[in-house]
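These are the residues of each chain, in order.
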Amino acid sequence: MFLGLSLLVVGVVLCLNGVWQMGRIEDREIILINAVAALVFFAVVLLIALAARQPADLLDAGMTLLFGTTYLWVAYNRTFASSGAGLGWFSGFVALTAAPMVLRVLAQGDGLFDVWLAACWAAWSGLWFLYFLNLALRRGSPRLTAAATLLCGIFTGWLPGLAVLHGLAG
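The structure reproduced in this document is the subject of the present report. Computed from a predicted model, the values in this text were never measured in an experiment. (Residues numbered from 1 in each chain as written. Predicted model: local features only at pLDDT ≥ 70, side-chain atom pairs only at ≥ 80, totals over all residues. Heavy atoms only, no water.)

Thoughts on the side chain of Asn 17
Along the polypeptide, Asn 17 turns up in helix α1 (residues 3-21). On the basis of relative accessible area, Asn 17 is assigned to the buried category, the value being 4%. (Helix = DSSP H or I, 4+ residues; strand = E, 2+ residues; numbered from the N terminus. Buried < 20%, exposed > 50% of the residue type's maximum accessible area, 1.4 Å probe, protein only.)

A short note on the packing of helix α5 (residues 100-108) against helix α6 (residues 112-136)
At their nearest, the axes of α5 and α6 sit 8 Å apart, and the two run at 175 degrees to each other. Regarding the angle of α5 to α6, the classification is roughly antiparallel. Residues Met 101, Val 102, Val 105 and Leu 106 of α5 form the contact with α6, whose own contacting residues are Asp 114, Val 115, Leu 117, Ala 118, Trp 121 and Ala 122. For the contact of α5 with α6, the residue count by class is 9 nonpolar, no polar and 1 charged. (Axes fitted to C-alpha atoms, helices over the stretch in contact; angles between N-to-C directions. Parallel < 35°, antiparallel > 145°, perpendicular 65-115°, else oblique. Contact = heavy atoms within 4.5 Å. Nonpolar A, V, L, I, M, F, W, Y, C, P; charged D, E, K, R; others polar.)

Let's talk about the pattern of salt bridges
Pairing between side chains of opposite charge can happen when their charged atoms approach one another. Summed over all chains, the structure comprises 3 salt bridges. In this structure, Arg 28 engages Glu 26 in a salt bridge whose closest nitrogen and oxygen atoms are separated by 3.0 Å. Taking the relative accessible area as the measure of exposure, Arg 28 reaches 64% and is therefore exposed. Here Glu 26 falls in the partly exposed class, since its relative accessible area comes to 40%. Ionic pairing is found between Arg 78 and Asp 27, a salt bridge with its closest N-O pair at 3.3 Å. Within this pair, whereas Arg 78 is found in helix α3 (residues 55-79), its partner Asp 27 is found in helix α2 (residues 27-50), the two being separated by 51 residues in sequence. A relative accessible area of 37% means that Asp 27 is categorised as partly exposed. (Salt bridge = Lys/Arg side-chain N within 4 Å of Asp/Glu carboxyl O.)

Written as structure tokens, this is what we have:
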């Protein structure tokens, strides 16, 4: 029910975070979109959890909470000029947590949209892993991470979110 909205928000915040990482948006300006995205995801988590009828619903709420926490942490780091190491370690944990979603979606899926959604989980897990490398281990490529963030925003969030909200997918 919240898939289109969630994808759209993921798309917008990832696109803007990618542009920010490319140096085109200032640190203090990126705070707002990350805080708004976190609030949207926390509201979605609450609605999913309150309407939960089966354990899979709580899994969906928990996975959504990982997105919201990530964006809140980015906003926090920019507000208080933190190093990002804590977010990096969190991102490593989330990358490992998100990876099995690829198999779950494929096992339960019944069409091309589900194959695409599984690919999204693989991309998101990989993106979180890039943040782990860059922020926690201080290895990796900030340019690659910025480009991957922007591309994930476009192809795993923004465009598919619009398609779902317009009734063209999902």
